[in-house]
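# Coordinates in review
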Amino acid sequence: MASLKDLRNRIASVKGTQKITKAMQMVAAAKLRRAQNAAENARPYAEKMSQVLGNLAANLIGGVQGPKLLSGTGSDKIHLLVVCTADRGLCGGFNSSIVRLAREHIRGLKAEGKTVKIITVGKKGYDLMRRQFRDEIIENRDLRGNKPVDYDFAAEIAASIIARFEAGEFDVATLFYSRFRSVIAQVPTAQKLIPAELPEAGDSVPDAALEFEPSEEAILDTLLPRNLTVQVFRALLENAASEQGARTGAMDSATRNAGEMIKKQTQIYNRTRQAMITKELIEIISGAEAL
Amino acid sequence: MATFQFDFVGPERTVYSGQIEAVQLPGVEGEMTVLPGHAPVLTALKVGVIVINEAGHAGKRVLVRGGFADIGPTMVTVIAERANPFEEITPDSLDKDIATLELQRDATEDFAKKDEITGQIVQLQDAKVALNF
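Here's what I pulled together on the structure shown here. (Residues numbered from 1 in each chain as written. Chains lettered and ligands numbered in written order. Predicted model: local features only at pLDDT ≥ 70, side-chain atom pairs only at ≥ 80, totals over all residues. Heavy atoms only, no water.)

## Section: the packing of aromatic side chains
Here a ring pair, both rings aromatic, is described through the centre-centre distance and the interplanar angle of the planes. Residue and element names in this part refer to chain A. Summed over the entire model, instances satisfying the criterion amount to four aromatic pairs over all chains. Ring centres of Tyr45 and Tyr151 lie 6.3 Å apart, and the angle between their planes is 85 degrees; this geometry places the pair in the edge-to-face category. Placement of the pair is Tyr45 in helix α1 (residues 4-60) and Tyr151 in helix α5 (residues 151-166), with a sequence separation of 106 residues. Using a relative accessible area of 2% as the deciding quantity, one classes Tyr45 as buried. With a relative accessible area of 4%, Tyr151 lands in the buried category. Here the aromatic cluster, defined as three or more aromatic residues joined through ring pairs, consists of Tyr45, Tyr151 and Phe233. (Phe/Tyr/Trp six-rings, centres within 6.5 Å; stacked < 30°, edge-to-face > 60°. Helix = DSSP H or I, 4+ residues; strand = E, 2+ residues; numbered from the N terminus. Buried < 20%, exposed > 50% of the residue type's maximum accessible area, 1.4 Å probe, protein only.)

Right, here's the structure in full:
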């Protein structure tokens, strides 16, 4: 049986841990709010962009074959997977669930005999994937404490993807990230980047009267790379919010577990102390009786 | 005077949103002023100055570095990656941008790209003149 001193030390150490997890939870909650705001501020741009693209596509249908970013290369032999994770751990299953989704995807593709290439964004994703997919990872970027997520960083990634596409390094690109549904639910998601998945034109009826300056093709040519950047940017924002959400949840339950542990340990401590007092009393009393 | 809805969105935030009387846009094929009831046009923008005329106010100026304008009869939306409200721009920041672009131009071997960047530099210099620095 552990001595009283051991028990005291153990309780003190768990209390220390609880303070740390509690602090991390509160920091994550504050960061989550900021990340959510950033995601909200970025929404009008993304929505407008897809609306314009939808308009363009509606005008394009039946006409010319769009640029390659839109229509693809015509084959689907080589797949590029862009896996976005966080730089830091201690956020529950956030990183591993994204990686798991990507891994399943890769397994499926390999079973079909396709070639896979991987770009990882975020340190954790690279750490988790590099052992299994050493040869497939062609590029790895970490977020370098890049907080809040800025547009230029997304633009860099998108530029690299496009450069590789134009060099003919792959046919299909898919983006993996975690969609932020709520503080307790983050959904790992795979999204096609190339060929671009166009939003439904929806209620915006194709405007026959819409004029383009310069030509539609020229606009589409400049718009598509930007659209790619926006999608990467959006994924990074969602990821940032999801990461903080997951961390809030994980740290909350860690704090709760620590609380339970302290309670249990304190009970054992008190019981042991009482047992010792009783033992001493019995010794004294029986000693007195023997006289 | 009639007004229309004008939105100016950047990737990280909405720069401007409101009812205005007219807006002057630097389209790639020439400057244009849009009034309410304009025919629908989708145009690319070059580097230049957007002048926003709110009802009863003098023109508000925003520097834009390329983007798109979606023009309709009742609303105009500008999508731009980089935009600075006029107050946030100083001659120094423009000079710095021009210097970075010049460095980029000297770094690339690709002639088409060189031309493109040179074009951007010229446009920035034009913008500088337009802003009376």
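## Quick word on the sheet that holds strand β3 (residues 137-141) of chain A
For sheets, the rule is that strands pair by backbone hydrogen bonds, running either parallel or antiparallel. Residues and elements named next belong to chain A. The five strands lie next to each other as β3-β2-β1-β4-β5, forming an open sheet whose pairing is mixed. With partners counted over all chains shown, the strands left at the sheet margins are β3 and β5 (186-194), one partner each. The mean inter-strand angle of the sheet, taken between neighbouring strand axes irrespective of direction, is 20 degrees. Bridging between strand β1 (residues 78-84) and strand β2 (residues 115-121) involves seven bridges; their strand directions are parallel. When the sheet's bridge partners are listed, Leu81 is paired in β2 with Ile118. Of the strands in this sheet, β1, β2, β3 and β5 touch α5, which is tilted by about 165 degrees from β3. (Pairing = 2+ DSSP bridges. Axes fitted to C-alpha atoms, helices over the stretch in contact; angles between N-to-C directions. Contact = heavy atoms within 4.5 Å.)

## A short note on the layout of surface pockets
Its boundaries defined by the atoms lining it, the largest pocket holds a volume of some 2000 Å³. A:Arg226, B:Glu81, B:Gln104, B:Glu116 and B:Gln120 are the residues nearest the centre of the largest pocket, which is lined by 48 residues in total. Put simply, the parts of the chain that give the lining of the largest pocket at least two residues each are α5 and α6 (216-290) of chain A together with β5 (41-53), β6 (60-71), α1 (91-107) and α2 (111-130) of chain B. Broken down by element, the residue count for the lining of the largest pocket peaks at nine residues, all from α6(A). Split by residue class, the lining of the largest pocket holds 23 nonpolar, 12 polar and 13 charged. (1 Å grid on protein atoms, 1.4 Å probe; cavity = no way out; pocket = protein on both sides within 12 Å on 5 of 7 lines; lining within 4 Å. Points joined across faces, edges and corners; volume = space filled by probe spheres on them. Nonpolar A, V, L, I, M, F, W, Y, C, P; charged D, E, K, R; others polar.)

## Re the pattern of salt bridges
Any two side chains of opposite charge can pair, on the condition that their charged atoms come close. Residue and element names in this part refer to chain A. Here the structure, examined in full by the defined rule, presents 12 salt bridges over all chains. Lys114 is the salt-bridge partner of Asp76, the closest N and O atoms lying 3.6 Å from each other. Within this pair, whereas Asp76 is found in the loop between α2 (68-71) and β1, its partner Lys114 is found in the loop between α3 (94-111) and β2, the two being separated by 38 residues in sequence. The salt bridge partner of Glu156 is Arg141, with a shortest N-O separation of 3.1 Å. Here the residue Glu156 occupies a position in helix α5, and Arg141 occupies one in strand β3, the gap between them amounting to 15 residues. Salt bridges sharing common partners tie together Glu139, Arg141, Glu156, Arg164 and Glu169. (Salt bridge = Lys/Arg side-chain N within 4 Å of Asp/Glu carboxyl O.)

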